[in-house]
Amino acid sequence: MDLTVTTLIITISFVILSFTSLVHKKLKGGKHPKSLPSFPFIGSLLSLRSNLPVHLLYQRFQKDYGDLFSLMMGPQYTVVINHYRYAKEVLTKKGKFFAGRPNMVTTDLLSKDGKGIAFANFSPTWRFYRKLVHSHLYTVKSGKETLEETIGKEVASTCSKFEQLVGSPMDIMIEVVWFLSNVVGKLCFNSAHDRDDPEFLKVLEYKQGIVENVGGYHLVDIFPWLKYFPNETLQVLKRSLAIRESILMKKFEEHKANFKSDSVKDLIDALLKAQENAKTNSLLPAPQLTDDHLMTTVGEVYGAGMETTSITFTWVFFYLILHPEIQTKIQEEIDNNIGFERTPKLSDKKNMHFLNATISETLRIQPVSPLLIPHMALVDTSIGGYAIPKGTQVTINLWAIHHDEKEWKNPDVFDPTRFLNREGKYIHSPSPSFMPFSAGPRICVGEVLTKMQLFLFFATFLQRFSVEFPPGLQLTDLKRKFGIVQQPEDFKLQFKSRRKWRGCTP
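Residues numbered from 1 in each chain as written. Predicted model: local features only at pLDDT ≥ 70, side-chain atom pairs only at ≥ 80, totals over all residues. Heavy atoms only, no water.

### Focus: the overall build of the protein chain
Regarding its fold elements, the protein chain presents 17 helices and twelve strands. By residue count, 54% of the 506 residues in the protein chain fall in the buried class. The contacts in the protein chain between residues at least 6 apart in sequence include a share of 74% that link residues at least 24 apart. Per element, the accessible surface of the protein chain, about 22,800 Å² overall, is 54% carbon and sulfur. (Helix = DSSP H or I, 4+ residues; strand = E, 2+ residues; numbered from the N terminus. Buried < 20%, exposed > 50% of the residue type's maximum accessible area, 1.4 Å probe, protein only. Contact = heavy atoms within 4.5 Å. Areas by Shrake-Rupley, 256 points an atom, 1.4 Å probe, with all protein chains shown as cover.)

### Let's talk about unusual backbone geometry
For Asp113, which is not glycine, the phi dihedral falls at a positive 65°. In this fold, Asp113 is placed in the loop between α4 (105-110) and α5 (124-139). Since its relative accessible area comes to 61%, Asp113 is described here as exposed. For Asn410, which is not a glycine, the phi torsion comes out positive at approximately 45°.

### A few points about the layout of surface pockets
The space that makes up the second largest pocket amounts to roughly 450 Å³. Around the second largest pocket sit 17 residues that line it, and Gln59, Gln62, Lys63, His403 and Glu405 are the ones nearest its centre. The set of elements that each furnish at least two residues to the lining of the second largest pocket consists of α2 (54-65) and α15 (398-402). Looking at side-chain class alone, the lining of the second largest pocket contains five nonpolar, four polar and eight charged residues. (1 Å grid on protein atoms, 1.4 Å probe; cavity = no way out; pocket = protein on both sides within 12 Å on 5 of 7 lines; lining within 4 Å. Points joined across faces, edges and corners; volume = space filled by probe spheres on them. Nonpolar A, V, L, I, M, F, W, Y, C, P; charged D, E, K, R; others polar.)

### Comments concerning empty space enclosed by the protein
Evaluation of the coordinates by the stated rule reveals two cavities of 30 Å³ or more. In this structure, the largest cavity occupies an estimated 1,000 Å³ of space. What lines the largest cavity is a set of 45 residues, and nearest its centre among them are Ala118, Ala304, Thr308, Ile373 and Cys444. At the level of secondary structure, the elements contributing two or more residues to the lining of the largest cavity comprise α5, α8 (198-213), α12 (291-322) and α16 (447-464). Here the residues of the lining of the largest cavity sort into 26 nonpolar, 13 polar and six charged.

### Some thoughts on the environment of Leu371
Here Leu371 lies in the loop between α14 (353-365) and β5 (375-376). Separated by 291 residues in sequence, Leu371 and Val80 place their C-alpha atoms 9.5 Å apart.

### Observations regarding the pattern of salt bridges
Overall, the coordinates contain 14 salt bridges when judged by the stated rule. Of the charged contacts in the structure, one is a salt bridge between Arg195 and Asp196, with a shortest N-O distance of 4.0 Å. Residue Glu361 is joined to Arg418 by a salt bridge in which the shortest nitrogen-to-oxygen separation is 3.0 Å. Of this pair, Glu361 sits in helix α14 while Arg418 sits in the loop between α15 and α16, and the two are 57 residues apart along the sequence. (Salt bridge = Lys/Arg side-chain N within 4 Å of Asp/Glu carboxyl O.)

### Details of the sheet that holds strand β2 (residues 68-73)
One open sheet accounts for five strands, arranged β1-β2-β3-β8-β5; its pairing is mixed. A strand with exactly one partner marks an edge of an open sheet, and here the two such strands are β1 (34-35) and β5. Taken strand by strand, α2 contacts β1, β2, β3 (76-81) and β8 (393-396), and its axis lies near 120° from that of β2. Packed on one face of the sheet, helix α3 (residues 84-93) meets β2, β3, β5 and β8 and runs near 125° to β8. (Pairing = 2+ DSSP bridges. Axes fitted to C-alpha atoms, helices over the stretch in contact; angles between N-to-C directions.)

### Considering the nonpolar core
Among the nonpolar cores identified, the biggest contains 100 residues, and Ile151, Phe317, Phe457, Phe458, Phe461, Leu493 and Phe495 are the most heavily contacted of them. What Phe461 contacts, discounting residues up to four positions off in sequence, is Cys159, Phe162, Phe317, Val467 and Phe495. (Core = buried A, V, L, I, M, F, W, Y, C linked by side-chain atoms within 4.5 Å.)

### Quick word on the packing of α12 against helix α13 (residues 324-337)
Remark: α12 packs on α13, axes separated minimally by 5 Å, with the N-to-C direction vectors making an angle of 105°. Classed by the angle they form, the pair α12 and α13 counts as roughly perpendicular. Across the interface between the two elements, Leu320, Ile321 and Leu322 from α12 touch Pro324, Ile326, Gln327 and Ile330 from α13. Looking at the contact of α12 with α13 residue by residue, the class counts come to six nonpolar, one polar and no charged. (Parallel < 35°, antiparallel > 145°, perpendicular 65-115°, else oblique.)

### Regarding α16
Taking 1.5 Å per residue, 18 residues should reach 26 Å; α16 reaches 26 Å between its end C-alpha atoms and fits that length. Most of α16 is tucked away, with 16 of its 18 residues classed as buried. (Expected span 1.5 Å × (residues − 1).)

### Observations concerning the packing of aromatic side chains
Across all of its chains, the model carries 36 aromatic pairs by this definition. With a centroid separation of 5.5 Å and 10° between ring planes, the pair formed by Phe41 and Phe223 is classed as stacked. Taken together, the residues Phe41 in the loop between β1 and α2 and Phe223 in the loop between α9 (219-222) and α10 (232-258) connect sequence positions 182 residues apart. Classification of Phe41 by relative accessible area gives partly exposed; the value is 28%. Ring geometry for Phe162 versus Phe465: centroids 6.2 Å apart, planes at 75°, classification edge-to-face. Residue Phe162 is located in helix α6 (residues 147-163), and its partner Phe465 is located in strand β9 (residues 465-468); the two are separated by 303 residues in the primary sequence. Ring pairs connect the aromatic residues Phe162, Phe179, Phe313, Phe317, Phe457, Phe458, Phe461, Phe465 and Phe495, which therefore count as one cluster. Positioned above the aromatic ring of Tyr86, the side-chain terminus of Arg85 is 5.8 Å from the ring centre. (Phe/Tyr/Trp six-rings, centres within 6.5 Å; stacked < 30°, edge-to-face > 60°. Lys NZ or Arg CZ within 6 Å of the ring centre and 35° of its normal.)

### So, the pairing of strand β12 (residues 492-497)
Strand direction decides the pairing type here: strand β4 (residues 170-171) and β12, joined by two bridges, are antiparallel. Paired with Met170 across the bridge in β12 is Leu493. Pairing of β9 with β12, which is carried by four bridges, proceeds in the antiparallel orientation. Along β12, the bridge assignment pairs Ser466 with Lys496.

### Some details on the environment of Gly95
Topologically, Gly95 is positioned in the loop between α3 and α4. Classification of Gly95 by relative accessible area gives buried; the value is 5%. The spatial distance from the C-alpha of Gly95 to the C-alpha of Pro441 is 6.0 Å, given a sequence separation of 346 residues.

### A short note on the packing of α14 against α16
Two numbers describe how α14 lies on α16: the axes approach to 11 Å, and their chain directions differ by 125°. Judged by the inter-axis angle, α14 sits oblique to α16. Handedness of the α14/α16 crossing: right-handed. Contacts from Leu355, Asn356 and Ile359 in α14 reach Leu454, Phe455, Phe458 and Ala459 in α16. Taken together, the residues of the contact of α14 with α16 break down into six nonpolar, one polar and no charged. (Left-handed = near helix turned anticlockwise from the far one by under 90°.)

And the structure:
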């Protein structure tokens with residue numbers, strides 16, 4: 001073996017063992033969560049050997065180790081939460097204590113070493129970007145359009161495209177990504193793609209590489225030194241990020257060349273204006289409003305609004321196909337409350353109880369991120385009376401929380417009626433364990449946008465179409481692809497035009 005490589009391995013081993021020793025020293029004294037077996041260097045990894053996805057494995061450990069347990073993820077001390085009481089303590093009651101993010105190789109690559117919002121540590125800079133993004137998404141008009149109008153136009157355009165695809169088997173994920181990329185593209189870049197636009201095809205190319213290779217308990221995130229060796233996960237991720245970077249850089253440079261501070265049309269303009277203001281305002285830390293910070297922030301908003309939200313849309317389609325009686329109930333609700341003389345609006349939401357319940361049940365039974373993005377303790381603190389040292393990684397198993405038999409009757413059964421009261425009215429949260437967008441300081445900034453898109457899209461879609469498996473095809477075994485998000489394996493579906501709609505003018 002090469003002497004340099006040998007020296008590197010010895011050095012890395014010494015650092016890991018020293019860090020592990022330091023963690024164990026911190027854990028002496030006090031009451032600590034019950035722990036999985038742990039060994040030097042590898043920690044508790046032997047206990048994680050399983051064909052099960054990690055969130056299901058953690059749910060299984062709950063029976064022997066309780067609602068709150070710990071393990072060593074290699075050298076990293078980690079606490080896993082499987083119950084909403086502990087989750088609410090971490091996310092809301094002590095939200096600022098646990099608002100940190102651990103460093104992982106794949107997320108550091110995606111976020112350019114913790115810039116942006118999703119993977120950045122809690123700080124004044126993080127709060128600034130989050131506030132600016134939230135303000136732009138929900139209080140600033142895109143051009144002269146409201147957010148509802150922007151979404152409505154893209155829904156109408158997508159449904160017009162669907163008219164041409166009636167009766168043809170298709171992969172719905174591509175069509176949904178096209179719709180969502182145009183909505184969030186208008187918000188971020190003030191632009192949209194045609195269905196066959198080469199740039200959109202590049203978006204499809206890089207999207208899957210990011211979704212499948214960021215997070216997801218890759219060994220390189222557990223042992224960061226592995227990044228110095230050949231690694232297929234990193235190769236795929238780097239290629240995907242290079243494609244994304246080229247698209248973002250082009251848009252960013254175009255915006256910088258045409259920027260006018262008195263004409264903010266999209267998120268990039270809003271970020272550039274903040275950067276310009278920082279040059280004359282000593283209260284804003286100009287070094288942290290770099291181009292990398294700005295590009296990472298807009299890239300995350302575009303990515304989350306398109307990549308992860310598309311998975312929720314696909315799950316809704318999946319359950320509509322599996323349960324045609326649910327389609328029928330929603331369509332009856334649409335017929336009775338909206339009709340066919342106009343397209344659905346957000347003001348109709350208060351009357352669309354079964355559609356709202358169906359969307360919520362999808363978010364419950366198939367949380368897009370079964371293990372929320374890990375949190376990190378910023379101070380020495382506690383959870384449920386258990387001592388939690390500073391630097392502890394905290395993983396919240398949203399899957400276990402959303403499938404808790406004590407909170408949800410038959411939790412593995414898709415049943416929208418659990419979100420309805422006796423009068424058939426929609427209940428936003430029948431259990432305190434329902435938290436599909438997380439909670440507290442790090443609650444998903446796109447929650448409202450996602451809910452608006454889901455409602456307007458499926459109200460309009462089911463007004464015009466029904467969806468089913470193509471003849472001769474059926475789904476007999478539900479399989480999932482798991483990374484930082486959980487998605488169904490590819491499946492085909494097809495549309496049927498509703499007779500009632502075909503004779504009407506939208």
